[in-house]
Amino acid sequence: MKKILFCASLILILGCKATKEVEKIKEIEKIKEVEIVKIEPEKPVIKNVILLIGDGMGLSQVSSSFYFGATEEPNFTRFPYIGLSRTSSASHKVTDSASGAVAFASGIKTYNGAIGMNTRKEHIETIIERVERPDFMTGLVATSSITHATPACFYAHVTYRYKEDSIASYMPKSKVDFFAGGGLRFFNKREDGKDLLPVLSQNGFKVDTTALGKIGTLTTNNKYAYLLADKGLPSKLEGRGDFLPNATKLALDYLSKSKDGFFLMVEGSQIDWEGHASNVQGVVQEVRDFDKALGAALDFAEKDGQTLVVVTADHETGGFALSPMQVRKQWQYDNIQGSFYQNSKSLPSAAHTATLVPVFAYGPMAESFAGIYQNNEIFHKIIKATGW
Ligand SMILES: [Zn+2]
């Protein structure tokens, strides 16, 4: 009997012990589970993307903002990740702005002059057309006409960039919610005699041909069209003022009301034009203006925390250099000037070049923009980062 009792209590004790062990193990597993959840890196959430394109902006053009007339550090210094983009098109080593923009807007290399077309001249979906989220919003800002090569590649599909009347016809029914730039004549002084301004209104746009709207007054019930010059806007030197940073701020104020995020493209279009004109002061002023737009984008992204900002160029223009004024007198190397590559016989005016151009990135997944890659990879990096 004693033996039986002893055995029974032993089983009980061992049983209790075993149960306790199991509980302990379970507890440890629970802690482990919690720990695992805690240490697993959180997937960065990107709601919005701002892509800023400095047309014709190579590294020397960027560098000019560090040397000429800047009282504060340029906003370029605020980007933690820098890469280099290889700009050649499918047809030429030296790209034009159209094929350069197709690479960013649609992720493919195409022929020079193409607007939203692949090399077989088939329509190719743009980033603006691709995102299916119901409340997703999009915007385009440029200092050129809104029908010019770079902005056009985000919403139009035309075989050749200079068919700007045809490009404008795509705007009313496009998925663009906000645009600001020039190009009014391609809407209301067209060769076919049509006036697209009422067509824009019928498609939900509030059209203004006089001035940008005021921050805080735009509502998601409307789309907004600001067509503020017949063709391109005036240059900085001609007195454009703060259109580019102001339009960027206005676009962000409006697009940030979107529940499903937004895509905004901002182009500093005239860095390229001043390059073609070999106008050093023009380049310097256009880059500084573009830098202000970067500042607006970065201020927004810093507060928001869910915005990826990418800055790049389609190509460099002019073989721009910051060189000493007098080469032989080394003690005068402190005096630098901007200059353009020109061979008067074969290149009577400054042209696009094949040099790699910088890519600056800020925000979640910005690290994926470090390295050297093809220009169309920028599109794929954005899609991968956002899941669009
Ligand atoms: Zn150009």
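Residues numbered from 1 in each chain as written. Predicted model: local features only at pLDDT ≥ 70, side-chain atom pairs only at ≥ 80, totals over all residues.

*Asks:* What is the right way to read the overall build of the protein chain from this model?
*Replies:* When you go through the protein chain residue by residue, the secondary structure sums to 12 helices and 14 strands. By the burial criterion, 47% of the 388 residues in the protein chain qualify as buried. The long-range share in the protein chain, meaning contacts at least 24 apart out of those at least 6 apart in sequence, stands at 72%. (Helix = DSSP H or I, 4+ residues; strand = E, 2+ residues; numbered from the N terminus. Buried ≥ 20, exposed ≤ 12 C-beta atoms within 10 Å, placed from the backbone. Contact = placed C-beta atoms within 7 Å.)

*Asks:* What exactly am I supposed to notice about unusual backbone geometry here?
*Replies:* Phi at K121 is positive, roughly 60 degrees, even though this residue is not glycine. You can see K121 is positioned in the loop between helix 3 (97–106) and helix 4 (127–130). Judged by local crowding, K121 falls into the partly exposed class, with 14 C-beta atoms found within 10 Å. In this structure, S278 takes a positive phi of about 50 degrees despite not being glycine. The class of S278 is partly exposed, set by 18 C-beta atoms lying within 10 Å.

*Asks:* Help me understand the nonpolar core in this model?
*Replies:* One recurring pattern in soluble globular proteins: nonpolar side chains tend to sit buried together. Within the largest apolar cluster, 101 residues are counted, with the highest numbers of intra-cluster contacts made by I115, A251, A297, V309 and V310. Here the element with the most residues in this core is helix 11 (residues 280–304); it accounts for 11 residues. Contact partners of V309, with chain neighbours within four places excluded, come to I50, A297, L298, A301, A361, Y362 and G363. (Core = buried A, V, L, I, M, F, W, Y, C linked by C-beta atoms within 7 Å.)

*Asks:* Just checking my understanding: could you explain the sheet that holds strand 6 (residues 223–227) for this structure?
*Replies:* Note on sheets: strands pair through backbone hydrogen bonds, and any given pair is parallel or antiparallel. Here 10 strands make up an open sheet; going across it, the order is 5-6-4-3-7-1-8-13-2-14 and the pairing mixed. The two strands at the open ends of the sheet, each matched to only one other strand, are strand 5 (205–208) and strand 14 (371–374). The mean angle between the axes of side-by-side strands here comes to 15 degrees, regardless of whether they run parallel or antiparallel. By the bridge criterion, four bridges tie strand 2 (residues 81–86) to strand 14 in an arrangement that is parallel. Across the sheet, the residue bridging to G83 is G371, located in strand 14. Contacts between helix 9 (residues 243–255) and the sheet are confined to strand 3 (137–145), strand 4 (178–182), strand 6 and strand 7 (262–268), with strand 3 contributing the most and set at about 170 degrees to the helix. Along the sheet, helix 12 (residues 377–386) makes contact with strand 1 (48–54), strand 2, strand 8 (307–312), strand 13 (357–362) and strand 14, crossing strand 8 at roughly 175 degrees. (Pairing = 2+ DSSP bridges. Axes fitted to C-alpha atoms, helices over the stretch in contact; angles between N-to-C directions.)

*Asks:* Please explain the environment of I82 as it appears in this structure.
*Replies:* Among the secondary structure elements, I82 is positioned in strand 2. A residue is classified by how many C-beta atoms lie within 10 Å of it, and I82, with 15 of them, is partly exposed. Sequence separation between I82 and F360 is 278 residues, and the spatial gap between their C-alpha atoms is 4.6 Å. Setting aside anything within four residues of it in sequence, one finds I82 in contact with P358, V359, F360 and A370.

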